[in-house]
Amino acid sequence: MKKLMSESYAVKTANVLPPDSNSHGTLFGGRLLQYVDDIAAISARRHCREAVVTASIDSMDFLLPINIGEIVILEAMVTHTGRSSMEVMVKISKEDLTRESGKELAAFSFLTFVALDENNKTVEVPKIEPDNERLQWLSDTGKERAERRLERKNTANH
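Reading guide: rules and limits
Residues numbered from 1 in each chain as written. Predicted model: local features only at pLDDT ≥ 70, side-chain atom pairs only at ≥ 80, totals over all residues. Heavy atoms only, no water. Helix = DSSP H or I, 4+ residues; strand = E, 2+ residues; numbered from the N terminus. Rg over C-alpha atoms; globule rule 2.2 N^0.38 Å. Buried < 20%, exposed > 50% of the residue type's maximum accessible area, 1.4 Å probe, protein only. Phe/Tyr/Trp six-rings, centres within 6.5 Å; stacked < 30°, edge-to-face > 60°. Polar contact = N/O pair within 3.5 Å; in protein donor to acceptor, adjacent residues only side chain to side chain. Contact = heavy atoms within 4.5 Å. Pairing = 2+ DSSP bridges. Axes fitted to C-alpha atoms, helices over the stretch in contact; angles between N-to-C directions.

I'm lost on the overall build of the chain in this one. Help?
Secondary structure summary: the chain contains 2 helices and 7 strands in total. Secondary structure elements of the chain, listed N to C terminal, follow the sequence β-β-α-β-β-β-β-β-α. Relative to the globule expectation of 15 Å for 158 residues, the C-alpha radius of gyration of the chain, 16 Å, shows essentially globular dimensions. Principal-axis analysis of the C-alpha atoms gives the chain an extent of 45 × 40 × 30 Å. Taking all 158 residues of the chain together, 44% fall into the buried category.

Just checking my understanding: could you explain the packing of aromatic side chains for this structure?
Here the distance between the centres and the angle between the planes together describe a pair of aromatic rings. All told, the structure shown has 1 aromatic pair when counted by the stated rule. Aromatic side chains Phe108 and Phe110 sit 5.6 Å apart centroid to centroid with 70° between the ring planes, which places their arrangement in the edge-to-face category. For Phe108, a relative accessible area of 25% gives the class partly exposed.

Can you help me understand the side chain of Ser8 in this one?
When you line up the elements, Ser8 lands in the loop between β1 (2–4) and β2 (10–15). At a separation of 2.8 Å, a polar atom in the side chain of Ser8 contacts the main-chain amide nitrogen of Val78. With sequence-adjacent residues up to four places away left out, Ser8 is seen in contact with Ser43, Arg46, His47, Ala76, Met77 and Val78.

How should the environment of Thr13 be read in this particular structure?
Mapped onto the elements of the fold, Thr13 is located in strand β2. By relative accessible area, Thr13 is classed as partly exposed at 49%.

What is the right way to look at unusual backbone geometry in this model?
Generally, phi is negative for residues other than glycine and the peptide bonds are trans, each holding for most cases. For Arg49, which is not glycine, the phi dihedral falls at a positive 60°. On the secondary structure map, Arg49 appears in the loop between α1 (29–48) and β3 (51–62). In this structure, Asn120 takes a positive phi of about 60° despite not being glycine.

Which parts of the structure should I look at to understand the pairing of strand β4 (residues 71–81)?
Of all 11 residues making up β4, 11 are buried, and the element is well covered by its neighbours. Two elements, β2 and β4, share 6 bridges in a ladder whose sense is antiparallel. Counterpart to Lys12 in the pairing with β4 is Leu74. Alignment of β4 against strand β5 (residues 85–95), held across 10 bridges, turns out to be antiparallel. Across the sheet, the residue bridging to Glu75 is Lys91, located in β5.

Just to check I follow, could you spell out the sheet that holds β3 for this structure?
The strands that make up a sheet are held in pairs by hydrogen bonds between backbone atoms, and each pair lies either parallel or antiparallel. Overall, antiparallel pairing links the 5 strands, which are arranged β2-β4-β5-β6-β3 in an open sheet. A single partner strand is all that each edge strand has here, and the edge strands are β2 and β3. Averaged over all adjacent pairs, the angle separating strand axes in this sheet is 25°, with direction ignored. This element, α1, spans β2, β3, β4, β5 and β6 (103–116) of the sheet and lies at about 45° to β4. Each of β3, β4, β5 and β6 is contacted by helix α2 (residues 133–156), which is oriented at about 80° to β4, the strand it contacts most.

Written out as structure tokens, the structure reads:
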């Protein structure tokens, strides 16, 4: 079975409030990671229609600070699949709604999830199919990212 990448698309938007911030007046990195893990899990579940667990946060690149008073927009999509694993890309943008500046890319993340059945055994997930050429690149490079994850895992086990 194959599914289109767009079928796993999920979005989350949140206000950045003082309790979510650090001493610099920007969104606390741990809070952002919580949002990233949550939206990525929703995307993975939407793709496989099974329970999922986070296997790894492969990368989390912070590009711009997200300030108190701005909103954070997280967009997630499954970009690569293995037998029971799914790579999920999360694009994080920020927007100041008091200005006409538009959205800015603030961070980027890749995570891996594994699908589990009711007995916590891995289950096969549908293969992913890109909707267009732009998404084709993400799919094509997914195998390379999966190989790097496996190398990191093997290195950590030694």
